[in-house]
Amino acid sequence: MAATGSAVGLGNIWKFPYVAGENGGGAFVLVYLGCVALIGLPVLMAEIMLGRRGGRSPVNSMARVAVESGRSERWFLLGLLGIITSFFLLSFYSVIAGWSAAYIFQTASGAFRDISALQIVELFDDFLASPWRLTFWHSVFMLITITVVSFGLHRGLERTIRVLVPGLFLILIILVLYSASTPGFMEGVRFLFKPDFSEFSGQAFLVALGHAFFTLSVATASMLIYGAYLQRSASIASTSVTIAFLDTLSAILAGLAIFPIVFTYALVPDVGPTLVFKSLPIAFGAMPGGSFFGSLFFLLLLFAALGSSISMVEPMVAWITERWKISRPKATWLTGGLIWLFGVGSLLSFNIWQEKRLLGWNYYEIVDALVSLLLLPLGALLLAVFAGWFMTRQASEDELAMPNKRLYQSWRFLVRYVAPLAVLVIVISLLR
Ligand code: TRP
């Protein structure tokens with residue numbers, strides 16, 4: 001349950017719709033589903049398995065499992081890579097979570113009632129144009145994260161988050177029902193599910209792959225931790241399948257809620273990262289009880305993001321306190337502060353730094369690409385290679401404890417050949 005809570009987050013509701021929109025819809029969605037099932041899921045199983053086998057913090061778990069299989073202790077670097085990836089990921093995640101926080105109040109105030117769709121879009125553009133407002137909400141979000149982590153308060157919060165994931169599903173379903181009543185519904189459905197490969201690019205392939213890892217929380221060290229907490233008796237395979245299924249379902253529901261509104265109100269699907277914040281408020285302005293459901297929606301999204309941010313900071317803080325023997329609050333303020341600083345660059349990329357570009361990409365786009373197109377695929381590749389080639393077969397077979405030999409063999413085939421080759425082929429084809 002906790003791992004599902006970590007997987008379901010901004011990635012599903014904010015990122016999936018916008019990358020699907022930018023990359024042409026149906027074909028992208030199909031490739032993405034394939035990446036989740038054939039690459040993301042086996043690597044997710046591998047990461048949870050390594051975590052449970054190691055039974056410690058990510059860095060130490062990796063070292064321990066490697067030594068157990070007669071390999072170099074240096075594999076601990078793979079745990080560290082996950083922590084570094086979380087660092088960059090959280091720096092922009094927090095900015096978007098801040099947007100969600102701001103929109104709780106915006107929606108509750110009834111600001112979306114009785115104005116046109118165009119004005120609703122402009123409201124968000126105005127918000128984005130103000131670096132100070134963005135900085136304020138990004139800071140609020142990081143401060144809450146730091147406070148929770150430095151006092152070690154997450155137990156209580158994690159329990160709350162477990163209630164919030166079902167809540168998020170419920171609201172998504174209500175939104176999809178609303179969207180089904182709009183004239184653009186069928187067009188939205190077609191956009192999401194009717195594949196058209198004529199304009200599908202190699203880059204879109206990599207985006208789909210990177211997003212599969214992003215959304216499953218793979219390769220950011222957090223699944224190593226959830227694995228360490230997973231009971232011996234629990235099945236890693238069925239746990240992973242449940243996570244992947246619920247995660248994918250929530251993303252599809254978000255898409256089904258958003259795209260019909262996009263087409264009904266003649267917005268464009270490829271506006272980028274602002275998509276959710278420009279489309280759903282139109283529904284909140286129009287549907288009965290919209291201010292209530294809308295603010296509840298952004299509140300739940302904020303809590304989902306908070307659960308994610310805490311699970312991203314936690315491994316970093318654990319590692320720093322272990323490694324340098326500094327106190328927990330100090331370590332938390334230090335990492336939190338640095339993450340905040342890197343995040344400021346991302347929020348400026350939506351206004352004054354928007355046109356400061358390197359090879360055509362602004363700061364936010366660079367950090368996003370660094371995480372989703374480079375660090376996540378690299379981490380996942382190494383996890384698959386380690387689990388498939390370096391860990392002994394006996395150890396992985398024992399740890400996964402699959403009821404059926406064929407299932408184990410299929411998993412092993414996927415992590416040994418399919419996942420590494422797919423990542424390599426996609427990344428190399430782009431470097432050419
Ligand atoms: N999967 C999360 C989402 O879709 C994002 C994420 C990636 C994450 N790695 C994580 C969340 C580690 C928590 C911990 O929003």
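What counts and what doesn't
Residues numbered from 1 in each chain as written. Predicted model: local features only at pLDDT ≥ 70, side-chain atom pairs only at ≥ 80, totals over all residues. Heavy atoms only, no water. Core = buried A, V, L, I, M, F, W, Y, C linked by side-chain atoms within 4.5 Å. Buried < 20%, exposed > 50% of the residue type's maximum accessible area, 1.4 Å probe, protein only. Helix = DSSP H or I, 4+ residues; strand = E, 2+ residues; numbered from the N terminus. Contact = heavy atoms within 4.5 Å. Salt bridge = Lys/Arg side-chain N within 4 Å of Asp/Glu carboxyl O.

**Q** Please clarify how the nonpolar core should be interpreted in this entry.
**A** The nonpolar side chains of a soluble globular protein tend to be buried with one another. If you look at the biggest cluster of nonpolar residues, it comprises 162 residues, and the most contacted ones within it are W14, L50, W99, F277, L280, F297 and W411. Looking at this core, the element that brings in the most residues is helix α5 (residues 76-108), giving 18 residues. Excluding its chain neighbours within four sequence positions, the residues that come into contact with L280 are L175, A257, I258, I261 and F297.

**Q** Please clarify how the pattern of salt bridges should be interpreted in this entry.
**A** Oppositely charged side chains can form a pair if their charged atoms are brought close together. This structure, assessed with the given rule, holds 12 salt bridges. In this structure, K15 and D368 form a salt bridge, with 2.8 Å as the shortest nitrogen-oxygen distance. One end of the pair, K15, is in helix α2 (residues 10-22); the other, D368, is in helix α16 (residues 363-390), with 353 residues separating them in the sequence. Comparing K15 with D368 shows no difference in burial state: the two are buried. Residue K278 is joined to D125 by a salt bridge in which the shortest nitrogen-to-oxygen separation is 2.9 Å. Taken together, the positions of K278 in helix α13 (residues 275-286) and D125 in helix α6 (residues 117-128) put the pair 153 residues apart, joining distant regions of the chain. Taking the relative accessible area as the measure of exposure, K278 reaches 10% and is therefore buried. For D125, a relative accessible area of 33% gives the class partly exposed. When salt bridges with common partners are traced through the structure, they connect R52, R53, E68, R232, D398 and E399 into a single cluster.

**Q** Help me understand helix α4 (residues 58-68), please; the structure alone is not making it clear to me.
**A** Helical periodicity: at 3.6 residues per turn, an α-helix aligns residues three or four positions apart in one direction. Along α4, the residues classified as buried are P58, V59, S61, M62, A63, V65 and A66. Those residues of α4 hidden inside the fold are in contact with α3 (26-54), α5, α11 (222-229), α14 (290-324) and α16.

**Q** Please explain the environment of F259 as it appears in this structure.
**A** Here F259 lies in helix α12 (residues 236-264). Using a relative accessible area of 0% as the deciding quantity, one classes F259 as buried. For the pair F259 and W340, spaced 81 residues apart in sequence, the C-alpha separation works out to 32 Å.

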